[in-house]
Amino acid sequence: MLALVILFIAVPILELWVIIEVGGLIGVLPTLALLFAMSLLGATLLRHQGRGAWQRFNQALAERRFPGREVADGLLITIGGALLLTPGFITDAFGLLLLLPPTRAVARRLLRIYFARRLIVVGFGGAEPAGSRYDQSGRAYDFDATAEEIPADDKELPG
């Protein structure tokens, strides 16, 4: 509940205060120009980073890997782009941090730690997954499940 109060009440008030202070230092028109430039930068970075995340997502699917990292990156890029498009210097700073790959990796790691403490994932046991299996390529899977091979041609289909 406190987080929602901070998010919807305190952040906009703080943003307005910072905009007024910056406007007092450099003037109204330069402040508006700076906010507009940050929005354009955000849109450009969002398009560029979003396209890269989408390509990495498709590559993971083509390689038959679970695209967990790519999905997390896409989510963080979307949030960062929305923050950069929102007028304000504080949200711009956080949005820029989420759009830059090195700081996005840190944010992704923090999110993983946060959710690992709050979610229980069946099939995981300490550092080594409990039911770890390997396919022919040597990749480790982190869950134990049953699967059925699908034949390549229609002649081998059952029934």
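The rules we used
Residues numbered from 1 in each chain as written. Predicted model: local features only at pLDDT ≥ 70, side-chain atom pairs only at ≥ 80, totals over all residues. Heavy atoms only, no water. Core = buried A, V, L, I, M, F, W, Y, C linked by side-chain atoms within 4.5 Å. Buried < 20%, exposed > 50% of the residue type's maximum accessible area, 1.4 Å probe, protein only. Helix = DSSP H or I, 4+ residues; strand = E, 2+ residues; numbered from the N terminus. Contact = heavy atoms within 4.5 Å. Phe/Tyr/Trp six-rings, centres within 6.5 Å; stacked < 30°, edge-to-face > 60°. Patch = residues over 30% accessible without salt bridge, like charges linked within 9 Å, V, L, I, M, F, W, Y side chains within 5 Å. Areas by Shrake-Rupley, 256 points an atom, 1.4 Å probe, with all protein chains shown as cover. Salt bridge = Lys/Arg side-chain N within 4 Å of Asp/Glu carboxyl O. Lys, Arg positive; Asp, Glu negative; His and termini not counted. Charge placed at Lys NZ, Arg CZ, Asp CG, Glu CD. Expected span 1.5 Å × (residues − 1). Arc of directions from axis to C-beta. Axes fitted to C-alpha atoms, helices over the stretch in contact; angles between N-to-C directions. Parallel < 35°, antiparallel > 145°, perpendicular 65-115°, else oblique. Left-handed = near helix turned anticlockwise from the far one by under 90°. Nonpolar A, V, L, I, M, F, W, Y, C, P; charged D, E, K, R; others polar.

Moving on: the nonpolar core. The biggest cluster of nonpolar side chains holds 6 residues, and these are Met-38, Leu-45, Ala-53, Ile-77, Leu-84 and Leu-99. Where this core is concerned, the elements lending two or more residues are helix H2 (28–62) and helix H3 (68–85). Dropping the residues within four chain positions of it, Leu-99 is found in contact with Gly-42, Leu-45, Leu-46, Gln-49, Ile-77, Gly-80, Gly-81, Leu-84 and Arg-104.

A separate point is the packing of aromatic side chains. All told, the structure shown has 2 aromatic pairs when counted by the stated rule. Each ring, one from Trp-54 and one from Phe-57, has its centre 5.6 Å from the other, and the planes form 25 degrees; the classification is stacked. Pair noted here: Trp-54 and Phe-57 are both in helix H2, with a separation of 3 residues, about one helical turn. Residue Trp-54 is classed as exposed on the basis of its relative accessible area of 55%. For the ring pair Tyr-114 and Phe-115, a centre distance of 5.1 Å and an interplane angle of 80 degrees mean the geometry is edge-to-face. Looking at Phe-115, the relative accessible area reads 42%, which means it is partly exposed.

A cluster of basic side chains, namely Arg-56, Arg-69, Arg-109 and Arg-112, defines a positive patch on the protein surface. Its location among the elements puts Arg-56 in helix H2.

Under the 1.5 Å per step criterion, the end-to-end length of H3 is 26 Å for 18 residues, consistent within 8% with the ideal 26 Å. Every buried residue of H3 is accounted for by Glu-70, Asp-73, Leu-76, Ile-77, Gly-80, Gly-81 and Leu-84. Taken around the axis of H3, the buried residues stretch over an arc of 140 degrees, which confines them to a single face.

We now examine the packing of H2 against helix H4 (residues 89–99). Packing of H2 against H4 brings their axes to within 11 Å, and their N-to-C directions diverge by 20 degrees. When the axes of H2 and H4 are compared, the pair comes out roughly parallel. Handedness of the crossing formed by H2 with H4: left-handed. Judged by residue contacts, Thr-31, Leu-34, Leu-35, Met-38, Leu-41, Gly-42, Leu-45, Leu-46 and Gln-49 of H2 engage Phe-89, Asp-92, Leu-96 and Leu-99 from H4. Of the residues belonging to the contact of H2 with H4, the class tally is 9 nonpolar, 3 polar and 1 charged.

Together, Met-1, Leu-2, Leu-4, Val-5, Ile-6, Leu-7, Phe-8, Ile-9 and Ile-13 make up a nonpolar patch on the protein surface, roughly 990 Å² of accessible area in all. Residue placement: Ile-6 occurs in helix H1 (residues 2–26).

Attention now moves to the pattern of salt bridges. Summed over the entire model, instances satisfying the criterion amount to 4 salt bridges. With its nearest N and O atoms 3.4 Å apart, the salt bridge here joins Asp-73 to Arg-104. Residue Asp-73 is located in helix H3, and its partner Arg-104 is located in helix H5 (residues 101–118); the two are separated by 31 residues in the primary sequence. Residue Asp-73 shares its accessibility class with Arg-104, and that shared class is buried. The closest approach of N and O atoms between Arg-108 and Asp-73, which form a salt bridge, is 2.4 Å. Of this pair, Arg-108 sits in helix H5 while Asp-73 sits in helix H3, and the two are 35 residues apart along the sequence. Given the relative accessible area of 11%, Arg-108 is considered buried. Beyond isolated ion pairs, a larger network of salt bridges with shared partners links Glu-63, Arg-65 and Glu-70.

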